[in-house]
Amino acid sequence: MRILVLGNNTSDTDDQVTELAEKANAINQGLIETIDKDFSQHGYYHTTLIDLAPGEIMNIIHKFDEVMVLDQPADSWDSQKTRLSTYKLITTLERQSNSLGIKVYGKDNDNFVDMKYWTDLFKSNRSFCAYPWIVHSQDKTDATKLNLCSRSMNEVTSIKDLGDWQTNPDYTKIRESMKRGEKLPKSCRRCYKYEDRGLTGYRTHDSLDWIARLGLKNIKDFDKITSPYYYELRLSNKCNLMCRMCTPEHSHLLKREFEENPGLVNPSQMASENQSWTDTSVIDVESLTDKHSVYLTGGEPIIMHDVYAFMRKCIKLEKTDFHFTMGTNAQRLNPVFLNLSGKFKNLHFSVSIDGFGKVNDYVRWKSDFDTIISNCRILINQGHQITWNHVPTIWGIHRTHELFEYLSEHFPKVPLYLQYNRVGITCAFKSPLIEETLRSMEQCKKTILYSSDGKDCTSGIDAFYDHYLRYKINKDDLKKFFTWNDLMDKARNISMVDYIPELDTCRNMLEEN
């Protein structure tokens, strides 16, 4: 009998496993820190989600007869995020126990009562979200307006009319509606579309992360929040890349290209008139704690002067332990930035990567896959956290497994966030390579990355697979795609056939009856 025990990363885990083994007249085979460990001996093995990623545990789970999680007090865990991820994993394992051929224990432990409460709430209340209580998010095109989050395009109130964060009537109305389970299609339609496609979405994933960080026990605890914990700021569209599925409001280079080639403009990729940006002055730096989070994006934050000024201000005020995230393309690291970033205790990079090798380089024009990888190694070696932010598209959905397999081998502990591309003619739900996409999704499911605790990594791959089981090619959409893509290729003096030849051959489908 081989038993895998999950717990926190304290000596208590080893102590409890030793006690369990002695009672069963068995042996504590020790901590698992690598999936290459020898599992041939019977007994108790133990690990944590700090030592192994969820996907690594799923990779070795077939070697065990039973899996259990210890009932350790919530406050004994160094990270509540790790406790949440452990609960998610043991819940997944219990759900799959019959197909895996294992017995699973511990989902109903006392230390998971709060996690069960919240996950049940998000299943029964399809409207509730943490963001109206915690996030300061200024509109992408008019920085004088506040939205619920960066995905919402509907104004809640203006900054000048905000007043008291806790009692503002516009936010209060939305908060009360969410608590009653009333949907808000004007503000939250993006997440509803995610969930309608079978994806977990931001609403549930991000809310649970915040609930764990803030230690909230029930829905009434939200009303005790008096000010934002999360600043989500888009500082500029200054960017060094020209991603095909991006928009002019996120890249000044793309904006210039669209102005020079007006045929590229389409309903999903239009520049906003009189666009205004926010800046980091809206952040009350002196109030930041290790519970707060600042997310800076653009554009590309690493090439923005405001980001450097903000980092220096935080260092000067000795406010460097908050959770600091940058959305980056990881192309432009420099000594000054690396020196400043080394001063922050919880700096995290959300690294955009939209395919393996040439697929990424074609989609994310002016990006270089090898540079992304080498720069991410630098960031990890400096002690920073990274996650992959992946946007599947029509160009690469059929080769997603190449990226998943590479990242699983070289970065097994780094989670991936899968983000749905909303640009109609290039979205990943419209690939003509149906059989290739289905095979790719099947291969993705075999990787370590598939089971990572990244937003929509698992549910996203499942949703794409289910979609392509019933998808029929729309030749009108395909023709529009090739017309638009050829125009962009011409503007860039390149050809898709040199990067993704198998997709280029799908032009032949337009000639078939």
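The structure displayed is predicted, hence computed values, not measured ones.

## Some points on the nonpolar core
In step 1: By size, the foremost hydrophobic cluster in this structure holds 65 residues, and its most contacted members are Val294, Phe310, Phe324 and Trp388.
In step 2: Ranked by residues supplied to this core, first place goes to helix α17 (residues 457-470) with six residues.
In step 3: In this structure, Phe64, Leu121, Ile134 and Leu216 belong to the second largest nonpolar core, which totals 55 residues.

## Observations regarding the pattern of salt bridges
In step 1: Inspection of every chain in the model, using the stated rule, returns 29 salt bridges.
In step 2: Between Arg180 and Glu182 there is a salt bridge, and its shortest N-O distance comes to 2.8 Å.
In step 3: A relative accessible area of 52% places Arg180 in the exposed class.
In step 4: Where Lys430 meets Asp477, a salt bridge forms, and the shortest distance between an N and an O atom there is 3.5 Å. Taken together, the positions of Lys430 in the loop between β16 (416-418) and α16 (434-444) and Asp477 in helix α18 (residues 475-492) put the pair 47 residues apart, joining distant regions of the chain.
In step 5: Linked by salt bridges that have partners in common, Lys81, Lys88, Asp209 and Asp453 make up one network.

## Regarding the state of the cysteines
In step 1: The full count for this structure, using the stated rule, is zero disulfides.
In step 2: Free of any disulfide, Cys149 has its nearest neighbouring cysteine sulfur in Cys191, separated by 5.9 Å.

## Focus: α17
In step 1: An ideal rise of 1.5 Å per residue puts 20 Å on 14 residues; α17 measures up with 21 Å between its terminal C-alpha atoms.
In step 2: Three or more residues of α17 are buried, namely Cys457, Ser459, Gly460, Ile461, Ala463, Phe464, Tyr465, His467 and Tyr468.
In step 3: Here the buried face of α17 lies against α15 (400-410), β16 and α16.

## Some thoughts on the pairing of strand β12 (residues 323-328)
The side chains of a regular strand alternate, first on one face of the sheet and then on the other.
In step 1: Within β12, five of the six residues are buried, leaving the element largely enclosed by the surrounding structure.
In step 2: The pairing of strand β11 (residues 293-297) with β12 spans four bridges and is parallel. The residue of β12 that forms the bridge with Tyr295 is Thr325.
In step 3: As paired strands, β12 and strand β13 (residues 346-352) are joined by six bridges and run parallel to one another. The residue bridging Gly327 from the neighbouring strand is Ser350, located in β13.
In step 4: In terms of handedness, the path from β12 via helix α12 (residues 335-341) over to β13 forms a crossover that is right-handed.

## Overview of the packing of aromatic side chains
In step 1: Evaluation of the coordinates by the stated rule reveals 31 aromatic pairs.
In step 2: Ring centres of Phe128 and Phe222 lie 5.2 Å apart, and the angle between their planes is 75 degrees; on these two criteria the pair is classed as edge-to-face. Of this pair, Phe128 sits in the loop between α5 (113-124) and α6 (131-134) while Phe222 sits in the loop between α9 (201-214) and β9 (230-234); the two residues are 94 residues apart in sequence, bridging distant segments of the chain. Taken as a pair, Phe128 and Phe222 share a single burial class, namely buried.
In step 3: Where Phe356 meets Phe369, the ring centres are 5.1 Å apart and the plane angle is 70 degrees; that geometry is what we call edge-to-face. With Phe356 in the loop between β13 and α13 (358-363) and Phe369 in helix α14 (residues 369-381), the pair connects residues that are 13 residues apart, well separated along the chain.
In step 4: Owing to a relative accessible area of 3%, Phe369 belongs among the buried residues under this scheme.

## Digging into unusual backbone geometry
In step 1: Of the consecutive residues Gly298 and Gly299, the connecting peptide bond is found in the cis state with omega at 10 degrees.
In step 2: Counting through the fold element by element, Gly299 comes out in the loop between β11 and α11 (305-316).
In step 3: The phi angle at Ala330 is positive, at roughly 55 degrees, despite the residue not being glycine.
In step 4: Looking at the secondary structure, you find Ala330 in the loop between β12 and α12.

What counts and what doesn't
Residues numbered from 1 in each chain as written. Predicted model: local features only at pLDDT ≥ 70, side-chain atom pairs only at ≥ 80, totals over all residues. Heavy atoms only, no water. Core = buried A, V, L, I, M, F, W, Y, C linked by side-chain atoms within 4.5 Å. Buried < 20%, exposed > 50% of the residue type's maximum accessible area, 1.4 Å probe, protein only. Helix = DSSP H or I, 4+ residues; strand = E, 2+ residues; numbered from the N terminus. Salt bridge = Lys/Arg side-chain N within 4 Å of Asp/Glu carboxyl O. Disulfide = S-S within 2.5 Å. Expected span 1.5 Å × (residues − 1). Contact = heavy atoms within 4.5 Å. Pairing = 2+ DSSP bridges. Right-handed = clockwise from strand over helix to strand, strands pointing away. Phe/Tyr/Trp six-rings, centres within 6.5 Å; stacked < 30°, edge-to-face > 60°.

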